[in-house]
Each structure stands twice: as C-alpha cells, then as structure tokens.
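# Coordinates in review
What follows is each chain in one-letter form.
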Amino acid sequence: TLVRANLSGTNLSGVDLSGKDLSGTTLVQSNLSGANLSGVDLSGKDLTGTNLSGVDLSGKDLSGTTLVQSNLTGTNLSGVDLRNKDLTGTNLSGVDLSGKDLSGTTLVQANLSETNLSGVDLSGKDLTGTNLSGVDLSGKDLSGTTLVQANLSGTNLSGVDLRNKDLTGANLSGVDLSGKDLS
C-alpha cells in the first residue's frame, strides 16, 4: 500500500499504479511520466512540479489538485475540467485543449507551444510570459488578453486584431504581420 507515503521527487516513470490508493500520499516533483494511473484518485493532490508527460488523465476528477509548474506534455486531458485551475508555469506543449472551458484558469508563463486551442476562449486571459509558439490563433478574439513577454514565434495570427495590444518583450519571429494595425 502507498497510503500516506512520501513519494516527493521519486521516479515512478512507467510504473503501473492502476487502482492504487494514494490517500495522503505526497507526489510533489515526482516523475510519473508514462505511468498508468487508471482508477487512481488524484483529486485534492498537490502535483506541483510533477512530471505527468504522456499520462492518460482522461475523465479524471482534478478538483482541488495543484498542477503549478507540472509537466503535462502530451497528456490526454479529454473530459478533464480545467476551469479555475492555476496552471502557472505548467508545460502543456502538444496537448489537445480544443473546446476546453478555461474560464478562471491561470496560464501565466505556461508552455502552450504546439497546443490545439481551437474553440478555446482566450479573451481577457493574462498570457504574460506564456509560450504560444507554433499555435494557430487565427481568428481568435484576444481583446483584453495580456501578451507581454509572450513567445508568439511562428504563431498564426491571421484575422487577429492586435490594435492597442501591448506586445512589450513579445517574441514575434516568423509571424506574418503584413497588413496588421499595430497602433
């Protein structure tokens, strides 16, 4: 049993934890990449700095779960409610977030490179220092969105209104800004 075990900083990469009771178990900064977490209750867990890359979290209840600075690269988040989650500094590169409701979700300094954001409302979001490289933002309403120091390299911004947008320190390399009003 792993109840109340301290697994902070432990390498559990590829381990089959399916059905395990992790009540009271500490997993901060653990490596759970590729682990089988089916049937594991992660609600209320502090997963700060935890590597969950490639893990199937589909349908998981992550209410009360802390994911700040976690690595969720290539993680399956289908059916996971991310509303009001603090994802500050979290790596979500390559994750399919299409259609997700991210209202109340904090994405400051998150890595969203190559992430599918189709159908995601980013208006009013603080994306300060967020990596959006290679993301298709075409036609997105970015009104009220903060993009200071954001990495927008290679991002598709066609149909995006950038008027009155503060792009201080933003990386816009490889972006087609022809015809854009940057006033």
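All of the points below concern the structure found in this document. Only a predicted model underlies this, so the values are computations on that prediction, with no experimental measurement involved.

Moving on to the overall build of the chain. Regarding its fold elements, the chain presents zero helices and zero strands. For the chain, the C-alpha radius of gyration of 18 Å lies close to 16 Å, the compact-globule estimate for 183 residues. Counting over 183 residues, the chain shows a buried share of 40%. Put simply, 0% of the contacts in the chain that link residues at least 6 apart link residues at least 24 apart. When the accessible area of the chain is evaluated, it comes to approximately 8,300 Å², of which 41% is carbon and sulfur surface. Of the side chains in the chain, 12 bear a positive and 19 a negative charge, and the two mean positions are spaced by 5 Å.

Residues Leu37, Leu52 and Leu132 are the most contacted members of the largest nonpolar core, which totals 45 residues. Ignoring anything within four residues of it in the chain, the contact list for Leu132 reads Leu112, Ser113, Leu117, Leu127, Leu137, Leu147, Asn151, Leu152 and Thr155.

A few words on the side chain of Thr105. For Thr105, a relative accessible area of 5% puts it in the buried group. Only 3.5 Å separates the side chain of Thr105 from the backbone nitrogen of Asn84, close enough to count as a polar contact. When sequence neighbours within four positions are dropped, the list of residues in contact with Thr105 reads Leu82, Arg83, Asn84, Lys85, Leu87 and Lys125.

Attention now moves to the side chain of Thr50. Owing to a relative accessible area of 1%, Thr50 belongs among the buried residues under this scheme. In terms of polar contacts, Thr50 uses its side chain to reach the backbone carbonyl oxygen of Leu27, at 2.8 Å. Within the local environment of Thr50, its side chain forms a polar contact with the backbone nitrogen of Gln29, the two atoms lying 3.4 Å apart.

This brings us to the environment of Val135. Owing to a relative accessible area of 1%, Val135 belongs among the buried residues under this scheme. Distance in space between the C-alpha atoms of Val135 and Leu32 is 27 Å, their sequence separation being 103 residues. Not counting residues up to four positions away in its chain, the partners in contact with Val135 are Leu112, Ser113, Glu114, Thr115, Leu117, Thr155 and Asn156.

What follows concerns unusual backbone geometry. Note on backbone geometry: most residues besides glycine have negative phi, and most peptide bonds are trans. The backbone of Arg4 shows a phi angle near 60°, a positive value even though the residue is not glycine. What makes Arg4 exposed here is its relative accessible area of 68%. The phi dihedral of Gln149 is positive, around 60°, even though this residue is not glycine. Taking the relative accessible area as the measure of exposure, Gln149 reaches 53% and is therefore exposed.

Moving on, we get to the pattern of salt bridges. Across all of its chains, the model carries two salt bridges by this definition. One salt bridge in this structure joins Arg83 and Asp81, with 2.7 Å as the shortest N-O distance. The partner of Asp161 in a salt bridge is Arg163, and the shortest N-O contact between them spans 2.8 Å.

According to the relative accessible area criterion, Thr130 is buried, its value standing at 0%. C-alpha of Thr130 to C-alpha of Val148: the two residues are 18 residues apart in sequence and 8.7 Å apart in space. Setting aside residues up to four positions removed in sequence, Thr130 forms contacts with Leu107, Val108, Gln109, Ala110, Leu112, Gln149, Ala150 and Asn151.

Its relative accessible area of 46% is what places Asp141 among the partly exposed residues. Ignoring anything within four residues of it in the chain, the contact list for Asp141 reads Leu122 and Ser123. A distance of 2.7 Å separates a polar atom in the side chain of Asp141 from a polar atom in the side chain of Ser143.

Definitions and cut-offs
- Residues numbered from 1 in each chain as written.
- Predicted model: local features only at pLDDT ≥ 70, side-chain atom pairs only at ≥ 80, totals over all residues.
- Heavy atoms only, no water.
- Helix = DSSP H or I, 4+ residues; strand = E, 2+ residues; numbered from the N terminus.
- Rg over C-alpha atoms; globule rule 2.2 N^0.38 Å.
- Buried < 20%, exposed > 50% of the residue type's maximum accessible area, 1.4 Å probe, protein only.
- Contact = heavy atoms within 4.5 Å.
- Areas by Shrake-Rupley, 256 points an atom, 1.4 Å probe, with all protein chains shown as cover.
- Lys, Arg positive; Asp, Glu negative; His and termini not counted.
- Charge placed at Lys NZ, Arg CZ, Asp CG, Glu CD.
- Core = buried A, V, L, I, M, F, W, Y, C linked by side-chain atoms within 4.5 Å.
- Polar contact = N/O pair within 3.5 Å; in protein donor to acceptor, adjacent residues only side chain to side chain.
- Salt bridge = Lys/Arg side-chain N within 4 Å of Asp/Glu carboxyl O.

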